[in-house]
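Coordinate analysis (summary)
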Amino acid sequence: MNSKIITLLNEKYPLHITQIEAVTNEMYRCEAEQGDFYARITNYKSFDEQMDEIRYTNFLYENGISVPIVPSLHHNLIETITLDKAYFTVMYEAAPGIHLQRKEWNSSILRELGRQVGKLHRASRQYEQTFPENHINHWYDNEEYAFMKYIPNKEKKIREKAAQLIKEIKGLPREDMDYGLLHGDLCLENVLVDKERNITMIDFQDCEKHFYIFDLAVPIYSAMEYSFTGNENITDYGRSIAAAIIAGYQEQHHLSQQMIDKLPLFIQLKEMFDYSLMHMYWDQDKLSEEQVRIMNHFRVKIENGYTLLNLSDMYI
């Protein structure tokens, strides 16, 4: 399969690709004579949806955010290749930097991440003023938020919590400074850091219209879930992470105390999102021991209302 993909990509793009490696089911790292590139091969979204996403990420690149897209030999930003069926393909230049190890995610790096997210949201607001009509969905219209469709009926307590969570967040007022286009999946795996500690955000495939605070909730959640090393109290660690990211963000974009107070709510949304995805994508009849362990861990936390982040009595 890899050799066929290499042949098809070389026919489409002004590159001489010699090797590819699957990073995810849809993203391939490509080694070429011209350097490293990433090809996204997917039919996850329609052509119009992907075209608007590309227009958005190109705008971000022009404003010093994101990475450039490589046009095809026919000067197209989206190409079609045929494997078992037709797939849309987008080629990206490789972003500078690496994925940091868990212990390297300190307050300084997280504050810089906050700054970059603030810059992203400023640019997003400019983009929406320039291109007010687009095919990028509001968050609640995306299939991944159809919690009631995927969380089993027998899990009544979690389903009740999921329904209430969606209702409460959809009911929040959408102010221009609080709501708009964002990355949508800023887990630490989608953040690269170079030797000078410059940050590049990658993989905008899940960009959506959402409350901006969600782009802060996701990396805070990600850091607490995957970079906590156990050397300090988890509550203190969470508060220090939140304070660092929010402080950096506020250097670049307004964030009201009212939205900061809602941060734990959006972390709960991310947690419920991940739990629903486990039901959406994992074969429930063939779960591995690790998958069972993870699902039980999430189920217990959600059912018992365990709060991953406590900001009570804390004014940031």
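This section reports on the structure supplied with the text.

Rules used in this analysis
- Residues numbered from 1 in each chain as written.
- Predicted model: local features only at pLDDT ≥ 70, side-chain atom pairs only at ≥ 80, totals over all residues.
- Heavy atoms only, no water.
- Helix = DSSP H or I, 4+ residues; strand = E, 2+ residues; numbered from the N terminus.
- Rg over C-alpha atoms; globule rule 2.2 N^0.38 Å.
- Buried < 20%, exposed > 50% of the residue type's maximum accessible area, 1.4 Å probe, protein only.
- Contact = heavy atoms within 4.5 Å.
- Areas by Shrake-Rupley, 256 points an atom, 1.4 Å probe, with all protein chains shown as cover.
- Lys, Arg positive; Asp, Glu negative; His and termini not counted.
- Charge placed at Lys NZ, Arg CZ, Asp CG, Glu CD.
- Core = buried A, V, L, I, M, F, W, Y, C linked by side-chain atoms within 4.5 Å.
- Phe/Tyr/Trp six-rings, centres within 6.5 Å; stacked < 30°, edge-to-face > 60°.
- Lys NZ or Arg CZ within 6 Å of the ring centre and 35° of its normal.
- Axes fitted to C-alpha atoms, helices over the stretch in contact; angles between N-to-C directions.
- Parallel < 35°, antiparallel > 145°, perpendicular 65-115°, else oblique.
- Left-handed = near helix turned anticlockwise from the far one by under 90°.
- Salt bridge = Lys/Arg side-chain N within 4 Å of Asp/Glu carboxyl O.

1. Comments concerning the overall build of the protein
Helix and strand counts for the protein stand at ten helices and ten strands. Taking 316 residues into account, the globule formula puts the C-alpha radius of gyration at 20 Å, and the protein, at 20 Å, falls close to it. Each of the three principal axes of the protein carries a C-alpha extent, and together these read 60 × 50 × 40 Å. When burial is assessed residue by residue, the protein has 49% of its 316 residues classed as buried. Considering only residue pairs separated by 6 or more positions, the protein has 71% of its internal contacts joining residues 24 or more positions apart. Accessible area for the protein stands at about 15500 Å²; split by element, carbon and sulfur atoms hold 47% of it. Put simply, the protein has 33 plus and 48 minus side-chain charges, and the middle of one group is 4 Å from the middle of the other.

2. A short note on the nonpolar core
Grouped together as the largest cluster of nonpolar side chains are 71 residues, with contacts concentrated most on Tyr-56, Phe-147, Phe-266 and Leu-269. If you tally residues by element for this core, the top one is helix 9 (residues 263–281), at eleven residues. Core analysis: the second largest hydrophobic core is formed by 19 residues, Ile-6, Leu-9, Tyr-13 and Met-91 among them.

3. Remarks on the packing of aromatic side chains
This model, assessed by the stated rule, comprises eleven aromatic pairs. Consider the rings of Tyr-56 and Tyr-127, whose centres lie 5.3 Å apart with planes at 55 degrees: the pair is tilted. With Tyr-56 in helix 2 (residues 47–62) and Tyr-127 in helix 3 (residues 107–130), the pair connects residues that are 71 residues apart, well separated along the chain. Per residue, the accessibility class of Tyr-56 equals that of Tyr-127, and both read buried. An aromatic cluster of at least three residues, connected via ring pairs, comprises Tyr-56, Phe-59, Tyr-127, Phe-131 and Phe-204. Here the guanidinium or amino end of Lys-170 rests over the ring plane of Tyr-140, the centre of that ring lying 4.7 Å away. Positioned above the aromatic ring of Tyr-179 is the side chain of Arg-174, whose terminal nitrogen or guanidinium carbon lies 4.9 Å from the ring centre.

4. Examining the packing of helix 2 against helix 3
In the contact formed by helix 2 and helix 3, the axes pass within 10 Å of each other and the chain directions differ by 120 degrees. Between helix 2 and helix 3, the angle is such that the two are oblique. For the pair helix 2 and helix 3, the crossing hand works out as right-handed. Taking contact as the criterion, the partners of Asp-52, Arg-55, Tyr-56, Phe-59 and Leu-60 in helix 2 are, on helix 3, Leu-120, Ala-123, Ser-124, Gln-126 and Tyr-127.

5. Regarding unusual backbone geometry
At His-75, a position not held by glycine, the phi torsion is positive, near 65 degrees. Mapped onto the fold, His-75 is located in the loop between strand 4 (69–70) and strand 5 (79–82). Given a relative accessible area of 68%, His-75 falls into the exposed group. The phi torsion at Asp-203 lies on the positive side, around 60 degrees, for a residue other than glycine. With respect to the helices and strands, the residue Asp-203 is situated in the loop between strand 9 (199–201) and strand 10 (208–211). Relative accessible area serves as the criterion here: at 29%, Asp-203 is assigned to the partly exposed category.

6. Section: the pattern of salt bridges
Any two side chains of opposite charge can pair, on the condition that their charged atoms come close. One pass over the structure, following the stated rule, counts 14 salt bridges. Between Arg-29 and Glu-21 there is a salt bridge whose closest N-O contact spans 3.0 Å. The closest approach of N and O atoms between Lys-301 and Glu-271, which form a salt bridge, is 2.8 Å. Here Glu-271 lies in helix 9 and Lys-301 lies in helix 10 (residues 289–303), a separation of 30 residues in the sequence. As far as the burial class goes, Lys-301 and Glu-271 line up, both buried. Through salt bridges with shared partners, a single network forms among Arg-111, Glu-112, Arg-115 and Glu-251.

7. A look at the environment of Glu-189
Turning to its location among the elements, Glu-189 is positioned in the loop between strand 7 (179–182) and strand 8 (191–193). Taking the C-alpha atoms as reference points, Glu-189 and Ser-288, separated by 99 residues in sequence, lie 23 Å from one another. Once residues within four sequence positions are removed from consideration, Glu-189 is found in contact with His-99, Ile-202 and Ser-222.

8. Some words on the environment of Phe-88
Tracing the sequence through the fold places Phe-88 in strand 6 (residues 86–93). For the pair Phe-88 and Tyr-44, spaced 44 residues apart in sequence, the C-alpha separation works out to 8.8 Å. Apart from the residues within four sequence positions on either side, Phe-88 is in contact with Arg-40, Ile-41, Thr-42, Lys-45, Ser-46, Phe-47, Gln-50, Ile-78, Glu-79 and Thr-80.

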